[in-house]
Amino acid sequence: MRIIMLGPPGAGKGTYAKRLVQRFDIPQISTGDILRAAVKEGSELGKKAKSFMDSGSLVPDDLIMDIIRERISQDDCGSGFIFDGFPRTIPQAESLSVLLKELNIRLNAVVNVDLADDILVRRLTSRRTCAKCGEIFNVLSMPPKVEGVCDKCGGELMQRDDEKEDTIRHRLEVYKEETYPLIAFYKDSGLLKSIAPEADGSVEANVAAILKALGTE
Ligand code: ADP
Ligand code: ZN
């Protein structure tokens, strides 16, 4: 199964991608997670990406494509992958098409998760991420059992630097300009499955809707 999760920041792509990982036993490839790990490590990639990320702007396409090329050639991607947060621009999507053709593989679906802006802002400012394992919580909708502590690994929950309100507004604008056009791009290829989650719907219900859209309930 080869899936792209598309949608604005805060729509829940990462959360749903993690569920699909369990269901299909394929890796989640989150360019955001890979970049954050690189920044933390202080690698060359991290140094190049940091300022873009902190301001909520996009990291240049060529850096992103280098990451993807190297990541999908790894063994665990043999039976598929879930892209989460990639592609983010039309040039990235075009490069991906070329790359997949070279590798002689095809995408199965592009899942578009959409939500209204005010809900996105509310969600993003209430999001907390485990500093140790990356698990995502939400103080409003998915609180941890103990405040500030990860349910999964006991790590400390943090608010990301790019989750302050101003930066979030900027990220939403960047999404509209750069990423939203991908919906039409993938609609044309017949791969697009859109789901519009209920703002207060459960994760389970939304995962079920995605599996149904994928034809694999
Ligand atoms: P979000 O919560 O908005 O989905 P991510 O965790 O996917 O955020 O990404 C965080 C930041 O990393 C983005 O704001 C951007 O700077 C950078 N980034 C991640 N993926 C990409 C990509 N495919 N292209 C360009 N920049 C990216
Ligand atoms: Zn954790």
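Look a little higher up for the structure.
All values reported here derive from a predicted model rather than from experimental measurement.

Trainee: Could you give an account of the overall build of the chain, naming the residues involved and the relevant values?
Mentor: Across its full length, the chain holds nine helices and eight strands. Compactness check: the chain gives a C-alpha radius of gyration of 17 Å against a globular reference of 17 Å for 217 residues, within 12% of the reference. In terms of its C-alpha atoms, the chain occupies a principal-axis envelope of roughly 45 × 40 × 35 Å. Looking at the chain residue by residue over its 217 residues, the buried ones come to 45%.

Trainee: Just give me the short version of the side chain of R71, but keep the residues and values in it.
Mentor: Topologically, R71 is positioned in helix α4 (residues 61-72). Here the side chain of R71 touches D76 through a polar contact of 2.7 Å, side chain to side chain. Once residues lying within four places of it in the same chain are set aside, the contact partners of R71 are P27, I29, I34, D76 and C77.

Trainee: Can you tell me about the environment of P60, naming the residues and giving the values?
Mentor: Its location among the elements puts P60 in the loop between α3 (44-54) and α4. Using a relative accessible area of 28% as the deciding quantity, one classes P60 as partly exposed. Distance in space between the C-alpha atoms of P60 and S194 is 27 Å, their sequence separation being 134 residues.

Trainee: Can you tell me about the sheet that holds strand β1 (residues 2-6), naming the residues and giving the values?
Mentor: The five strands are arranged β2-β3-β1-β4-β8 in an open sheet whose pairing can be described as parallel. Each having just a single partner strand, β2 (28-30) and β8 (192-195) make up the two edges of the open sheet. For this sheet, the mean angle separating the axes of adjacent strands, direction not counted, is 20°. Pairing of β1 with strand β3 (residues 81-84) involves four bridges; the strand directions are parallel. Across the sheet, residue I4 finds its bridge partner in β3, namely F83.

Trainee: Summarise the coordination of the zinc ion (ligand 2); cite the residues concerned and give the values.
Mentor: For the zinc ion (ligand 2), every protein donor is listed as C130 (SG), C133 (SG), C150 (SG) and C153 (SG), and the spread of their distances is 2.3 Å. For the zinc ion (ligand 2), the four donor atoms in the first shell make angles of 99 to 114° at the metal, so the coordination geometry reads as tetrahedral. Taken in sequence order, the residues that donate to the zinc ion (ligand 2) follow the motif C-x2-C-x16-C-x2-C. Overall, the relative accessible area of 36% leaves C133 in the partly exposed class.

Trainee: Please provide a residue-by-residue account of the environment of S73, values included.
Mentor: Looking at the secondary structure, you find S73 in the loop between α4 and β3. Between the C-alpha atom of S73 and that of G201, which follows or precedes it by 128 residues, the distance is 36 Å. In this structure the side chain of S73 is engaged in a polar contact, spanning 2.8 Å, whose partner is the backbone oxygen of E70.

Trainee: Mind laying out the site of ligand 1, listing which residues take part and the relevant values?
Mentor: Close to ligand 1 lie 18 residues, the nearest being T31, R36, S57, Q92 and R171. Between a nitrogen atom of ligand 1 and a main-chain N or O atom of V59, the distance comes to 3.0 Å. At a separation of 2.7 Å, an oxygen atom of ligand 1 approaches a polar side-chain atom of R171. When isolated, ligand 1 has an accessible area of 540 Å², and the protein chains bury 96% of it.

Trainee: Tell me about the pattern of salt bridges, and please be specific about residues and values.
Mentor: When their charged atoms lie close together, side chains carrying opposite charge are able to pair. Using the criterion set out here, one finds 14 salt bridges in the structure. Note that D54 and K50 form a salt bridge whose closest N and O atoms lie 2.6 Å from each other. On the criterion of helical spacing, the pair formed by D54 and K50 is a turn pair, its members being four residues apart in helix α3. On the basis of relative accessible area, K50 is assigned to the partly exposed category, the value being 38%. Here D151 ties to K145 by a salt bridge, and the two come within 4.0 Å at their closest N and O atoms.

Trainee: Can you break down the environment of M158 residue by residue, with the values?
Mentor: Within the secondary structure, M158 sits in strand β7 (residues 157-158). Spatially, the C-alpha atom of M158 lies 8.6 Å from that of R127, the residues being 31 residues apart in sequence. Excluding residues within four positions of it along the chain, M158 makes contact with R127, R128, T129 and A131.

Trainee: Let's hear about the pairing of strand β4 (residues 109-113): which residues, and what values?
Mentor: Regular strands place side chains that alternate from one sheet face to the opposite one. Counting buried positions along β4 yields five of five residues, so the element is predominantly enclosed. Taking every second residue as pointing to the same face, both faces of β4 are buried, with A109, V111 and V113 on one and V110 and N112 on the other. Examined bridge by bridge, β1 and β4 share four bridges and lie parallel to one another. Counted as the bridge partner of I4 is V110 from β4. Relative to β8, β4 runs parallel, the two being bridged by four bridges. Among the inter-strand pairings, V113 is bridged to a residue of β8, identified as I195.

How each quantity is defined
- Here the residue index of a chain counts from 1 through its sequence in written order.
- Here every chain gets a letter starting at A, and every ligand a number starting at 1, in the order they are written.
- Only residues with pLDDT of 70 or above have their local features reported here, since the model is predicted, and side-chain atom pairs are shown and tallied only from 80 upward, although totals for entire chains, interfaces and linings are computed over all residues.
- Side-chain calculation: all heavy atoms of the structure are included, whereas hydrogens and water are not.
- The helix and strand labels rest on DSSP assignments: H or I over at least four residues marks a helix, E over at least two residues marks a strand, and numbering proceeds from the N terminus.
- Atoms counted for the radius of gyration: C-alpha only. Globule rule: 2.2 Å times the number of residues to the power 0.38.
- Burial classes: relative accessible area under 20% of the type maximum marks a residue as buried, over 50% as exposed, and values in between as partly exposed (1.4 Å probe, protein chains only).
- In protein, a polar contact requires one atom able to donate a hydrogen and another able to accept it; more generally it is a pair of N or O atoms within 3.5 Å, and residues adjacent in sequence count only if both atoms are side-chain atoms.
- Only heavy atoms matter for contacts: two residues are in contact if any of them lie within 4.5 Å across the pair.
- Here the rule is simple: two strands pair whenever DSSP picks up at least two bridges between them.
- Axes here refer to lines fitted to C-alpha atoms; in helices the fit is confined to the stretch in contact. Angles between the N-to-C directions go from 0 to 180 degrees.
- Water is not among the atoms examined, so metal sites may look incomplete; donors are the N, O and S atoms within 2.8 Å of the metal, or within 3.2 Å for Na, K and Ca.
- Think of it this way: with four donors and all angles in the 85 to 135 degree range, the site is tetrahedral; with four or six donors, opposite ones beyond 155 degrees and the rest between 65 and 115, it is square planar or octahedral; otherwise it is irregular.
- Residue proximity to a molecule or strand is established when one non-hydrogen atom of the residue lies within 4 Å of it.
- Where accessible areas are quoted, they stem from the Shrake-Rupley method and a 1.4 Å probe; at the residue level, only the protein chains shown are allowed to cover.
- The salt bridge definition used is simple: a Lys or Arg side-chain nitrogen within 4 Å of an Asp or Glu carboxyl oxygen.

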